[in-house]
Amino acid sequence: MFDSEKQVTLTGTVKEFEWNNPHCWIQLLVPDPNDPSAPPVEWGVEMGAPIQLLRHGWKPSSVKPGDKITVVVNPLRDGRPGGQIVSAIGPDGKPIGAVPEANNKP
Amino acid sequence: MMAVLLLVGCVKLAQAQTSSQERVEACAKLPDWSGLWEWDVYVGEGVGQVLSPEGLRKAKAYAATMRPTFTPAWQPKYEQARKAMDDAVAANPGEPPVGRSPCAVAPFPATMMPGFYEWRVTPEEATLISSQGGVRHIYTDGRPHPQADELWPTTEGNSIGHWDGDTLVVDTVAIRNPSIVVIAEPFEPAFSTGPLSTELHTIERIRMVNHDEMQIQLTLEDPVALTKPIHMTITHERVRNFDRMEDTRDADCDAVTDRNPVVNGRFTTVVKPAPATPAQPSK
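Calculation rules
- Residues numbered from 1 in each chain as written.
- Chains lettered and ligands numbered in written order.
- Predicted model: local features only at pLDDT ≥ 70, side-chain atom pairs only at ≥ 80, totals over all residues.
- Heavy atoms only, no water.
- 1 Å grid on protein atoms, 1.4 Å probe; cavity = no way out; pocket = protein on both sides within 12 Å on 5 of 7 lines; lining within 4 Å.
- Points joined across faces, edges and corners; volume = space filled by probe spheres on them.
- Nonpolar A, V, L, I, M, F, W, Y, C, P; charged D, E, K, R; others polar.
- Helix = DSSP H or I, 4+ residues; strand = E, 2+ residues; numbered from the N terminus.
- Expected span 1.5 Å × (residues − 1).
- Buried < 20%, exposed > 50% of the residue type's maximum accessible area, 1.4 Å probe, protein only.
- Arc of directions from axis to C-beta.
- Core = buried A, V, L, I, M, F, W, Y, C linked by side-chain atoms within 4.5 Å.
- Contact = heavy atoms within 4.5 Å.
- pLDDT = per-residue confidence, 0-100.

Residues and elements named next belong to chain B. Taken as a whole, this structure holds 1 cavity of 30 Å³ or more when the rule is applied. Contributing to the lining of the largest cavity are V105, A106, A110, T111, P114, S130, Q132, G133 and G134. The residue inventory of the lining of the largest cavity, partitioned by class, reads 4 nonpolar, 5 polar and no charged.

Residue and element names in this part refer to chain B. Taking 1.5 Å as the rise per residue, helix α3 (residues 53-65) with 13 residues should run 18 Å; its terminal C-alpha atoms sit 19 Å apart, in good agreement. Among all positions in α3, only G55, L56, K58, A59, Y62 and A63 are buried. An end-on view of α3 places all buried positions within 165° of arc, on one side of the element.

Ranked by internal contacts, the top residues of the largest apolar core, which has 38 residues, are B:W119, B:L168, B:I206 and B:I234. The dominant element in this core, judged by the number of residues it contributes, is strand β10 (residues 213-221) of chain B, at 4 residues. Here B:W119 is in contact with B:W33, B:W37, B:A126, B:T127, B:L128, B:I138, B:L168, B:I206 and B:M214, once residues within four sequence places are set aside. Ranked by size, the runner-up nonpolar core spans 20 residues in total, among them A:I26, A:V30, A:V63 and A:V73.

With that settled, consider the confidence of the model for chain B. All names here are of chain B. The predicted model of chain B averages 80 in pLDDT, with 75% of residues at 70 or higher. In the predicted structure, residues 186-190 sits below a pLDDT of 50 and forms 21 contacts with residues beyond four places in sequence or in another chain. Two numbers describe this predicted complex: its pTM, 0.82, and its ipTM, 0.75.

The next point concerns the confidence of the model for chain A. The predicted model of chain A has a mean per-residue pLDDT of 88, with 92% of residues at 70 or higher. Below pLDDT 50 for its whole length, residues 100-106 of chain A participates in 17 contacts with residues either more than four positions away or in separate chains.

Set out below in structure tokens:
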């Protein structure tokens, strides 16, 4: 489904942040860098369950519609505009969800 | 703190039921399994669902330990299930087959794999609560399994157990649609036992080997499906710096929020949800 060997960086505007079980999603409107006049492409960015995100510092309020963010995703192999999140940078330029390596061994 | 709460819970239950000093003492002798636990392949996983390199290595090692050999009578069922999986992969290599929705509770023994776990241990019962919706009631009060005419297959099966020192020995029967899937690639079921029969009988020896590791030695015996038992050892690690449990299969996990629906046996992805339908005015 997702190609873990590839990473795509997307910068766009949040359309929606779904904080739902079983998985959270960000719908991101991404402009075409080669044609700013073209309508943006809507990407679906899949994440883990809400409790998994909370563990890593995310909250339901971490992103909201209208926020300009950058995400790195493993893209879908079938070429549709979707991906599995790897990391995210918020409107303030800081990583969203300060990942404290929550459960890694010291 | 959790240990204190567990003991207080035990004492309150004792007061309510028997007020017996013996039972309070029995509670005090039980091991402290408080805290959150998770299968060690998920250690280091981020906010997505891609295993860490170390988690992937461990998953592959688990898969290597599971090599079932099927009885002649069961082999066609396995091959049929395997063919269905292979056909689904061939039809769309981008969407691996899973066979059940992420909103469905995994049947035991798969219960012991993804998600967070909490234990509640009392003299009468050890209860395992999974964040993925499964709850296992393991009766340790000396009762046997129910008589055949009061036993039917369920998702978690029927479990009885006893303590062998600090090891919980669990005997489970009557499991509905049992199977094990080890995820050895991100989202890719690299190995599966395939379907097993409802004659599956499992024995677990569960103990905390140190403060941060719970070891589960699992034996699967299935005289209908398997020519010999499968033995595997699963390690659950203590979840650090996080202590909140939530059920990820709760009521908001449904056909609307589940954007990985299983369609024709394949795990699919909805990248753009349909617009919400306006509520119809009541008549």
